[in-house]
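As a plain string of letters, each chain reads:
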Amino acid sequence: YLVAAEVEALLAACDVTQWLGRRDRLMVALLYNTGFRVSELVSLKFAAIFLGATSTIRVWGKGRKERVLPIWGTTKQYLDDWMKEQDGSNEDYLFANCRGERLTRSGVSSRLSSLTMKARETCPSLRIKRVTPHVLRHTTAIHLLESGVDISTIAIWLGHESIETTHKYVVADLRLKE
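Residues numbered from 1 in each chain as written. Predicted model: local features only at pLDDT ≥ 70, side-chain atom pairs only at ≥ 80, totals over all residues. Heavy atoms only, no water.

1. So, the packing of helix 1 (residues 4–12) against helix 2 (residues 19–34)
Formally: Interaxial angle, 0 to 180 degrees, is taken between N-to-C directions of lines fitted to C-alpha atoms, where a helix line uses only the stretch in contact. Helix and strand assignments follow DSSP, with helices taken as H or I runs no shorter than four residues and strands as E runs no shorter than two, numbered in order from the N terminus. Small angles under 35 degrees read as roughly parallel and large ones over 145 as roughly antiparallel, with 65 to 115 read as roughly perpendicular and the rest as oblique. Residues count as neighbours in contact if any of their non-hydrogen atoms are within 4.5 Å of one another. Residues are sorted three ways: Asp, Glu, Lys and Arg are charged, Ala, Val, Leu, Ile, Met, Phe, Trp, Tyr, Cys and Pro are nonpolar, and all the rest, Gly among them, are polar.
Where helix 1 meets helix 2, the closest approach of the two axes is 9 Å, and the angle between their N-to-C directions is 155 degrees. Judged by the inter-axis angle, helix 1 sits roughly antiparallel to helix 2. Counted together, Val-7, Leu-10 and Leu-11 of helix 1 and Arg-25, Val-28, Ala-29 and Tyr-32 of helix 2 form the full contact between these two elements. Of the residues contributing to the contact of helix 1 with helix 2, the split by class is six nonpolar, no polar and one charged.

2. Topic: helix 2
To keep it simple, the criterion reads: To estimate how far a helix should reach, multiply one less than its number of residues by 1.5 Å. Throughout this description, buried means an accessible area under 20% of the type-specific maximum (1.4 Å probe, protein chains only), exposed means over 50%, and partly exposed covers the range between.
For helix 2, spanning 16 residues, the distance from its first C-alpha to its last is 22 Å, which sits close to the expected 22 Å at 1.5 Å a residue. Across the 16 residues of helix 2, 13 count as buried, placing the element largely inside the fold. Two residues or fewer past helix 2, Gly-35 is found with a positive phi of approximately 70 degrees.

3. A word on unusual backbone geometry
A positive phi angle is found at Asp-87, which is not glycine, with a value near 50 degrees. Within the secondary structure layout, Asp-87 lies in the loop between helix 4 (73–86) and helix 5 (105–119). Given a relative accessible area of 67%, Asp-87 falls into the exposed group.

4. With respect to the nonpolar core
Condition: Grouping buried Ala, Val, Leu, Ile, Met, Phe, Trp, Tyr and Cys residues that are joined through side-chain atoms within 4.5 Å yields what is termed a nonpolar core.
Ranked by internal contacts, the top residues of the largest apolar core, which has 47 residues, are Leu-30, Leu-41, Leu-94 and Val-108. Counting residues per element, the ones that place at least two in this core are helix 1, helix 2, helix 3 (38–42), strand 2 (56–60), helix 4, helix 5, helix 6 (133–146) and helix 7 (151–158). For this core, the element with the highest residue contribution is helix 2, accounting for seven residues. Apart from residues lying up to four places away in sequence, Leu-94 is in contact with Leu-26, Leu-30, Leu-44, Lys-45, Phe-46, Ile-49, Leu-79, Trp-82 and Met-83.

5. What about the pattern of salt bridges?
For side chains bearing opposite charge, pairing can occur when the charged atoms are close. This is how the line gets drawn: Each reported salt bridge corresponds to a side-chain nitrogen of Lys or Arg within 4 Å of a carboxyl oxygen of Asp or Glu.
All told, the structure shown has 10 salt bridges when counted by the stated rule. A salt bridge links Glu-40 to Arg-67, with the shortest nitrogen-to-oxygen separation between them at 3.0 Å. Note that Glu-40 is positioned in helix 3 and Arg-67 in strand 3 (residues 66–70), a separation of 27 residues in sequence. A relative accessible area of 3% places Glu-40 in the buried class.

6. Points about the sheet that holds strand 2
Cut-off, in case you're wondering: We call two strands paired when DSSP finds no fewer than two bridges between them.
The strand order across the open sheet built from three strands is 1-2-3, with neighbouring strands paired in antiparallel fashion. Because the sheet does not close on itself, it has two edges, and the strands there are strand 1 (49–50) and strand 3. Bridge count for strand 2 against strand 3 is five bridges, and the pairing is antiparallel. Directly across from Trp-60, in strand 3, lies its bridge partner Glu-66.

Written out as structure tokens, the structure reads:
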């Protein structure tokens, strides 16, 4: 998993003066904020986003199980800016590629690889890490655990059917603390 400085380096690697950089920044922020599976990210539509006093995002995970997740303040701002810029309808996918088509799983992985290469310039610890959407999912779980969130809440957050699946993060965190 990534430490906070590595996540920040990935976000900082996004050139927000460009459309691609703004999309990538939101993509990384959402992966980290939500712990989404890559398939959940690329399936997101505008209708799934609720920006208000309490901002949330609705996702359908494995087995078409629905969960609603809170959106952190910074992620909310990125989402708000992106949604205004894109002016999409409720049925439009939130993330498109440069050709205007739905972003693919391999497209997300490719962009994360590019961002990681750039982020390595300012964050040397990323030189020994392979950053994937699943690594960001694992990062979310570990950071929630380190923040004192109980394991059953993390299981719900990540959409795990069984708390046993989430337990591996506790084991990883215990090993780290040793």
